[in-house]
Amino acid sequence: MTAPVSVERSGIQSMCRSLAQPAHRHQWLSPTQVSAAGPDFVLGEPGSTRRVGRQPAGTVRGAARHTGLGQALRAALQVVVHTRAQLLDNLTPPLRVDMNAQQLNDALRAAGLLKQGKGDDDGPRVTCVMGPVRDGRGWSIIFDLPKGGGKTAADVLAKRTTIAAELGVDEIQGIASRVRAAGGGHAGRVSMWIADDDPYLGAPVPSPLVKAETFSVWEPIPFGQDARGNRIAVPVMWQSLFFGGLPRRGKTFTQRLLTAAGLLDAYVRHYVADGKGGADWMPMKAVAHRLVMGAEDDAVEALKAMLKELLTEMERRFVLLRGLPVSVCPEGKLTPSIVEKYNLPVIFVTIDELQEYFTAMERDDREQVINDLCRIARRGPAAGFICNFASQRPDAESVPTKLREIITLRYCTQVVDQTSSDMVLGKGKAAQGADASVLSEEHKGTGVLVTGPASFVTVRADFLDGPAFAELCQRGRALRQKAGQLTGDAVQDVTAAADQAGFTIAPVLSDCLTVMRHTARLHTVDLLQRLENLDADYGDWDAERLARELEDAGVKRTTKQVNIGGKNLAGYRREDLEAAVPPELLDAR
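Just so it is clear, the model here is predicted, and its values are computed rather than measured. (Residues numbered from 1 in each chain as written. Predicted model: local features only at pLDDT ≥ 70, side-chain atom pairs only at ≥ 80, totals over all residues. Heavy atoms only, no water.)

**Looking at the packing of aromatic side chains**
A complete count under the given rule lists five aromatic pairs for this structure. A centroid spacing of 5.2 Å and a plane angle of 90° characterise the contact between F223 and Y411, whose relative ring orientation is edge-to-face. One end of the pair, F223, is in strand β8 (residues 221–225); the other, Y411, is in strand β15 (residues 409–412), with 188 residues separating them in the sequence. Using a relative accessible area of 1% as the deciding quantity, one classes F223 as buried. Between W281 and F469, the aromatic rings sit 5.9 Å apart at their centres with planes inclined by 90°, giving edge-to-face as the arrangement. (Phe/Tyr/Trp six-rings, centres within 6.5 Å; stacked < 30°, edge-to-face > 60°. Helix = DSSP H or I, 4+ residues; strand = E, 2+ residues; numbered from the N terminus. Buried < 20%, exposed > 50% of the residue type's maximum accessible area, 1.4 Å probe, protein only.)

Right, dumping it as structure tokens:
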């Protein structure tokens, strides 16, 4: 028995080396599946089993008839289990997807998309136009549904979750789309790609904007990559954008990518409003022509004034453009040459946390602001206005439908259900396959981007953190100063000038000036609340500590009581705070 065992063991080791190669498709079975697996499985460690598929007689099963061979086979395969894979009870088992036409037909039949056959006949089958073939980190297939079944590509998209379950993958791993006539398709042709694993996990890709010296917003903005690793860029000229999704899913970080590109274009003028009033958009004080922070009464008034200013500028531009000769302005809208010749920079209107403003307003003010935003989003693109809006709650109450329907490009991070996804991406988009509710908590910075009535893609956005964004703001300030394009609030902002000049201003003084940017006076209790909203570290400060810290920063109060709305309470005047700033810095503004 010794010689035969030795010969067979060599063959077993060869087979195991083949199994260990990455190209080999395999599937893990749980212990409960072992009894149903038949003689085509081989045990590894307790709790895991590896299906090796049917082997010719005389190899696996033939060798397993000998006790010695069975032991050798078990030992050799355990080496493969230990060295090439993780066990089934690990939280991230190394699932690899196998795919063939039969599996696809079975999945479609189980989903009710193919008719059942009679007797030994399987029934109608799809026609594979291409594949299945390996395509990057997954499988690609293009197929036609059989005629006479009454099913269309749209029906396949609507059943994508069921199909994924039948194929044994998560729905996030499957990407399906209809092949349109322009691509050689028809209403029954489907393109499908099934990833080996979750394509949206892993280390994020740093934004290329970080290393760019300048950028033109007339070019598509680098945004992220899709499941297959293809780069996605977003053209923003003549467009408006809306971002939605649950809190802490990367919505603001993603929205900032587009505004960040405009920082590196000296001929982009920024109007920014942040209803939350936190630290996310604060670095824009170095660049923004107008910067509104928070949704308190003074901030709401500042937002209303900003929108009126935008509307006035929009109408002024249309008058100017209509007066230009056709040779200069052939289409009646802004061009790169007109921007510089007539000093008409592209205007980037960024508003985050829209719902905070709408919920803080009285009904009449709310309706007026909504109408103003609609006018800017609808008519502004031709005058060089790019709207970039975002909200956590994109429902009809928080962000009215008539505003959302004007927006041309939409991006949605994880939401709770398909209804919420459709509120951001558009009615019926989830049924077409553009469904952000399939994303999970792990998909931070990943969302569904809709670029047209039938165009969408799931994108993992590039990574641009707070410090990198702040550094871009400082570079944007320097570019505008060099081009003579630093205007508005950015010119007058003391803290932005200090940052650029290298002056050190006490953080508490800088923060107080920031949160009081829209008001000349503020009661202490309100000042503390705004400081905490800006930075949670202020949460345990009281009036005494605030007074002590500001006094150490050089603030001398001309009065400790301020009258606001008929209430005379302890508070601060902005003039007293600015007086603590070095005079040479104030003179340099």
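**Here we look at the packing of helix α16 (residues 466–483) against helix α18 (residues 494–501)**
It is at 11 Å that the axes of α16 and α18 come closest, and there the two elements cross at 90°. Taken together, the axes of α16 and α18 lie roughly perpendicular to each other. Each of Q474, R477, A478 and Q481 in α16 lies in contact with α18, whose residues at this interface are A496, A497, D499 and Q500. For the contact of α16 with α18, the per-class residue count stands at three nonpolar, three polar and two charged. (Axes fitted to C-alpha atoms, helices over the stretch in contact; angles between N-to-C directions. Parallel < 35°, antiparallel > 145°, perpendicular 65-115°, else oblique. Contact = heavy atoms within 4.5 Å. Nonpolar A, V, L, I, M, F, W, Y, C, P; charged D, E, K, R; others polar.)

**Topic: the sheet that holds strand β12 (residues 290–293)**
With mixed pairing, ten strands are arranged side by side in an open sheet as β9-β8-β17-β16-β15-β10-β14-β13-β11-β12. In this open sheet, the two edge strands, each paired with only one partner strand, are β9 (231–234) and β12. Direction aside, neighbouring strands of the sheet carry axes that sit 25° apart on average. With seven bridges connecting them, strand β11 (residues 268–274) and strand β13 (residues 346–352) associate as parallel partners. Following the sheet pairing, A273 is matched in β13 by I351. (Pairing = 2+ DSSP bridges.)

**Digging into the confidence of the model for the chain**
Looking at the chain, the pLDDT average stands at 82 and 81% of residues meet or exceed 70. Here residues 1–70 is a poorly scored stretch, pLDDT under 50, and it has 92 contacts once near neighbours within four places are set aside; other chains count. For the stretch residues 72–95, pLDDT sits under 50, and the model shows 43 contacts to residues farther than four places along the chain or on other chains. (pLDDT = per-residue confidence, 0-100.)

**Quick word on the packing of helix α5 (residues 101–110) against helix α7 (residues 160–167)**
For the pair α5 and α7, interaxial distance at closest approach is 9 Å and the crossing angle is 135°. Put simply, α5 runs oblique to α7. At the point where α5 passes α7, the crossing takes the right-handed sense. Side by side, α5 and α7 meet where Q103, L104, A107, L108 and A110 of the first sit next to I163, E166 and L167 of the second. Classifying every residue of the contact of α5 with α7 by side-chain character gives six nonpolar, one polar and one charged. (Left-handed = near helix turned anticlockwise from the far one by under 90°.)

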